[in-house]
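Chain residues, written in single-letter form:
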Amino acid sequence: MQKILNLLKTFYIKYTNLKKEYWTHLLICLTYTYYFLGIYIYIKVNQCEDTFILFMLPICFLYIIFIGIILIIAPMSLFHFNKLKIQKGFLLENKIYNIIWHIGNILFIFIAILLLYLFT
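Just so you know, the residues in each chain are numbered from 1, in the order the chain's sequence is written. It should be noted that, the model being predicted, local features are given only for residues of pLDDT at least 70 and side-chain atom pairs only at 80 or more, the latter also being counted only at that level, while totals for whole chains, interfaces and linings use all residues. Excluded from the side-chain calculations are hydrogens and water; all other atoms, namely the structure's heavy atoms, are used.

Draft legend 1. Quick peek at the packing of aromatic side chains. Aromatic rings from Phe, Tyr and Trp, taking only the six-membered ring of Trp, are treated as a pair when their centres fall within 6.5 Å; an angle between ring planes under 30 degrees marks them as stacked, one over 60 as edge-to-face, and anything in between as tilted. Considering all chains together, one arrives at 4 aromatic pairs under this definition. Consider the rings of Tyr 15 and Trp 101, whose centres lie 5.3 Å apart with planes at 40°: the pair is tilted. One end of the pair, Tyr 15, is in helix 1 (residues 2–17); the other, Trp 101, is in helix 5 (residues 95–119), and 86 residues separate them in sequence. Relative accessible area serves as the criterion here: at 22%, Tyr 15 is assigned to the partly exposed category. With a centroid separation of 5.8 Å and an interplanar angle of 65°, the aromatic rings of Tyr 35 and Phe 36 are classed as edge-to-face. One aromatic cluster is present, formed by Tyr 32, Tyr 35 and Phe 36 through successive ring pairs. The way it works is that DSSP assigns letters per residue, a run of H or I at least four long becomes a helix, a run of E at least two long becomes a strand, and they are numbered from the N terminus. Relative accessible area decides the class of each residue, using a 1.4 Å probe on protein chains only: under 20% of the type maximum gives buried, over 50% gives exposed, and in between gives partly exposed.

Here it is as structure tokens:
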């Protein structure tokens, strides 16, 4: 039981340390943009599902391309740009932004699983 608790504790520490990386904030911004754009298109073309799919398919491909680029840049930023981290400031200390960041991570995981399911 103690091993599991230590594993969860280290996982949480690594997860919160990701907030200091610039690419995670860009990832969250892209996720919210994709999510709200999808909702907006769904509301505007709710008469025909085929039209929704026609509009969302290019947006899905663009989202996947941008996420791929960010995830390629992410390891480089972890190894090469160690000094380029967010220091104390608005993004780290603001409680409202902290909630937005966590919800964005959950949405990213949900959308990534959904897109993997749809395209495989």
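Draft legend 2. Examining the packing of helix 2 (residues 22–44) against helix 5 more closely. Axis definition: a line fitted to C-alpha atoms, over the contacting stretch in the case of helices. Angles run 0 to 180 degrees between N-to-C directions. With their axes 9 Å apart at the nearest point, helix 2 and helix 5 run at an angle of 65° to one another. When the axis of helix 2 is compared with that of helix 5, the two are roughly perpendicular. Pair helix 2 / helix 5 crosses with left-handed handedness. Of the residues in helix 5, those touching helix 2 at Thr 24, His 25, Leu 27, Ile 28, Thr 31, Tyr 32, Tyr 34 and Tyr 35 are Tyr 97, Ile 100, Trp 101, Ile 103, Gly 104, Asn 105, Leu 107, Phe 108, Ile 111 and Leu 115. An angle below 35 degrees is read as roughly parallel, one above 145 as roughly antiparallel, one from 65 to 115 as roughly perpendicular, and any other as oblique. A crossing counts as left-handed when the near helix is turned anticlockwise from the far one by less than a right angle, and as right-handed when that turn is clockwise. Contact between two residues is taken to exist if any of their heavy atoms lie within 4.5 Å; hydrogens are not considered.

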